[in-house]
Amino acid sequence: MRFIGNKEKLVDWIYDELNFKDIEGGLFFDFFSGTTNVAKHFKKKGFQIVSSDLLYTSYVLQKAYIENNLTPKFEYLLDEIDQPISLFPPPNLEIVLNYLNNLKPIEGFIYKNYTPEGTNNLEIPRMYFTSFNGKRIDAIRTKIEEWFNSKSISENEYYILIACLIETVPFYANISGVYAAFHKKWDPRAKKELKLRSINLIDNNKKNRVFNDNSINLIERYDYDLIYLDPPYNSRQYAPNYHLLETIAKYDNPLIRGVSGMRDYSEQKSNFCIKSKALNDLEKILRNANYKYLALSYNCEGIMRTQDIKALMSKYGNLSLKEYKYLRYKSNNNGLSKNKKFIKEQLYILKKF
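Not measured: the values here are computed from a predicted model.

1. A look at the overall build of the protein
Of regular secondary structure, the protein possesses 11 helices and nine strands. Scaling as 2.2 N^0.38, a compact globule of 353 residues should have a C-alpha radius of gyration of about 20 Å, and the protein matches this with 21 Å. Along the three orthogonal principal directions, the C-alpha set of the protein runs to about 60 × 50 × 35 Å. Of the contacts formed within the protein by residues at least 6 apart in sequence, a portion of 74% connects residues at least 24 apart. Accessible surface for the protein amounts to roughly 17300 Å². Of this, 48% is attributable to carbon and sulfur atoms. Here the protein contributes 52 positively and 41 negatively charged side chains, and the mean placements of these two sets differ by 7 Å.

Written as structure tokens, this is what we have:
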């Protein structure tokens, strides 16, 4: 999934640096879980996972990938839906996704608010999805909700199906990467017919716990072997950038506003996006959390300065700093740093006194 700060390409490096410090196994807290890529990687490596995020979109992914250890059977649902006869039937999840892909499109909330045909009454019609794909998203999301309310699917299966939709949508959205704005002309891939994609599940044979909460509320709940922090680096809040995924995940017909059809995100703001508050929240975690190790992923151009992070973290344990140079995203190639092609990911590793 396209997501700001996604660690998909860095997670092997992060794991190797922590493993070099002999941090192996135990209870891992993914503090800003986002796409769950880091939590998934550490789950594969045998850690027991606690994860949390303010975004409900992230919570859906956490429920599917992190809390869940089982491949869904959909045993009640398969009696209800038509299945093609086959000598080699596909996995049950694929059967369900194929059924959803062939639903009759409906004119629901997404079509009416995020497609040009559905918003042709606006001065600037919204072009997030083609009209067909908007109606297909509505049909799929409505059917998932109907199945859950009628108890045709379990809670586990419910979140897995929504996660499949959330993972699929970005491949058909008419955006540059975030949902704060849409293209005024169609991206070629946005014009393709939306087809649900399956997801791969991980079983670590452990009880993993996931939350849709401010993670600071969880720092004293468990004794963590490793807390991993990957906070926002700048003043841009995550919630408005992913408002449309939030609406598809919740499907709650929210009040929306503005050219982009933004939902209210006043309860989803992070202090790590506010320069005057970021270090204070970091110190709350360092001081009050129960942990052996704490790792902080950050950006060398973030709103918290390197010298300030070092000075603060060193008060609570033995600190090391590792850096990884990578190519800057084009969308971030502006301002004072417009001539810098590369940027450094910083990994602060703290062993608590």
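2. Description of the packing of helix 3 (residues 56–67) against helix 7 (residues 155–168)
At a minimum axis distance of 8 Å, the contact between helix 3 and helix 7 shows a crossing angle of 120°. As judged from the angle between their axes, helix 3 and helix 7 are oblique. For helix 3 against helix 7, the interelement crossing comes out left-handed. When helix 3 is examined against helix 7, the residues Y56, T57, Y59, V60, L61, K63, A64, Y65 and E67 are found in contact with a partner set consisting of E155, Y159, I160, I162, A163, I166 and E167. For the contact of helix 3 with helix 7, a count of residues per class yields 11 nonpolar, one polar and four charged.

3. A look at the pairing of strand 2 (residues 48–52)
By the criterion of burial, strand 2 is predominantly enclosed, with four of the five residues buried. Sheet topology places strand 1 (residues 27–30) next to strand 2; four bridges connect them, and they run parallel. Bridging from a neighbouring strand, L27 pairs with Q48 of strand 2. Note on the crossover from strand 1 through helix 2 (residues 37–44) to strand 2: the handedness is right-handed. The pairing of strand 2 with strand 3 (residues 209–211) spans three bridges and is parallel. Of the residues in strand 3, the one forming a bridge with V50 is R209.

4. With respect to the packing of aromatic side chains
Going through the model one piece at a time under the given rule, you end up with 22 aromatic pairs. Ring centres of F29 and Y224 lie 4.7 Å apart, and the angle between their planes is 20°; on these two criteria the pair is classed as stacked. Of this pair, F29 sits in strand 1 while Y224 sits in strand 4 (residues 224–229); the two residues are 195 residues apart in sequence, bridging distant segments of the chain. Overall, F29 belongs to the buried group, its relative accessible area being 0%. With relative accessibility at 2%, the residue Y224 sits in the buried group.

5. So, the confidence of the model for the protein
Detailed conclusions should not be drawn from predicted coordinates in areas where pLDDT is low. The share of residues in the protein with pLDDT of 70 or more is 93%, and the mean pLDDT across the chain is 93. Contacts of residues 331–336 to residues separated by more than four positions or lying in other chains number five contacts, the stretch itself having pLDDT below 50.

6. Structural notes on helix 3
The element helix 3 is largely enclosed, with a buried count of 11 among its 12 residues. By the burial criterion, the buried members of helix 3 are Y56, T57, S58, Y59, V60, L61, Q62, K63, A64, Y65 and I66.

7. Details of the pairing of strand 9 (residues 342–352)
Across seven bridges, strand 7 (residues 291–299) lies against strand 9 in antiparallel orientation. Bridging across to strand 9, A295 finds its partner in I349. In the sheet, strand 8 (residues 317–327) pairs with strand 9 via 11 bridges, with the strands oriented antiparallel. Paired with N318 across the bridge in strand 9 is K351.

8. Some words on helix 4 (residues 92–101)
Along helix 4, the positions that sit buried rather than exposed are L93, I95, V96, L97, L100 and N101. Check the buried side of helix 4 and you find it contacts helix 6 (131–149) and helix 7.

9. Considering the nonpolar core
Membership of the largest hydrophobic core comes to 76 residues, with the highest contact counts inside it found for L100, F129 and L161. Take this core: its biggest share by element is nine residues, from helix 7. Not counting residues within four places of it along the chain, the set of residues in contact with L161 comprises F74, L93, V96, L97, L100, I144, W147 and I153. Grouped together as the second largest cluster of nonpolar side chains are 32 residues, Y222, I285, Y298 and Y316 included.

Criteria and cut-off values
Residues numbered from 1 in each chain as written. Predicted model: local features only at pLDDT ≥ 70, side-chain atom pairs only at ≥ 80, totals over all residues. Heavy atoms only, no water. Helix = DSSP H or I, 4+ residues; strand = E, 2+ residues; numbered from the N terminus. Rg over C-alpha atoms; globule rule 2.2 N^0.38 Å. Contact = heavy atoms within 4.5 Å. Areas by Shrake-Rupley, 256 points an atom, 1.4 Å probe, with all protein chains shown as cover. Lys, Arg positive; Asp, Glu negative; His and termini not counted. Charge placed at Lys NZ, Arg CZ, Asp CG, Glu CD. Axes fitted to C-alpha atoms, helices over the stretch in contact; angles between N-to-C directions. Parallel < 35°, antiparallel > 145°, perpendicular 65-115°, else oblique. Left-handed = near helix turned anticlockwise from the far one by under 90°. Nonpolar A, V, L, I, M, F, W, Y, C, P; charged D, E, K, R; others polar. Buried < 20%, exposed > 50% of the residue type's maximum accessible area, 1.4 Å probe, protein only. Pairing = 2+ DSSP bridges. Right-handed = clockwise from strand over helix to strand, strands pointing away. Phe/Tyr/Trp six-rings, centres within 6.5 Å; stacked < 30°, edge-to-face > 60°. pLDDT = per-residue confidence, 0-100. Core = buried A, V, L, I, M, F, W, Y, C linked by side-chain atoms within 4.5 Å.

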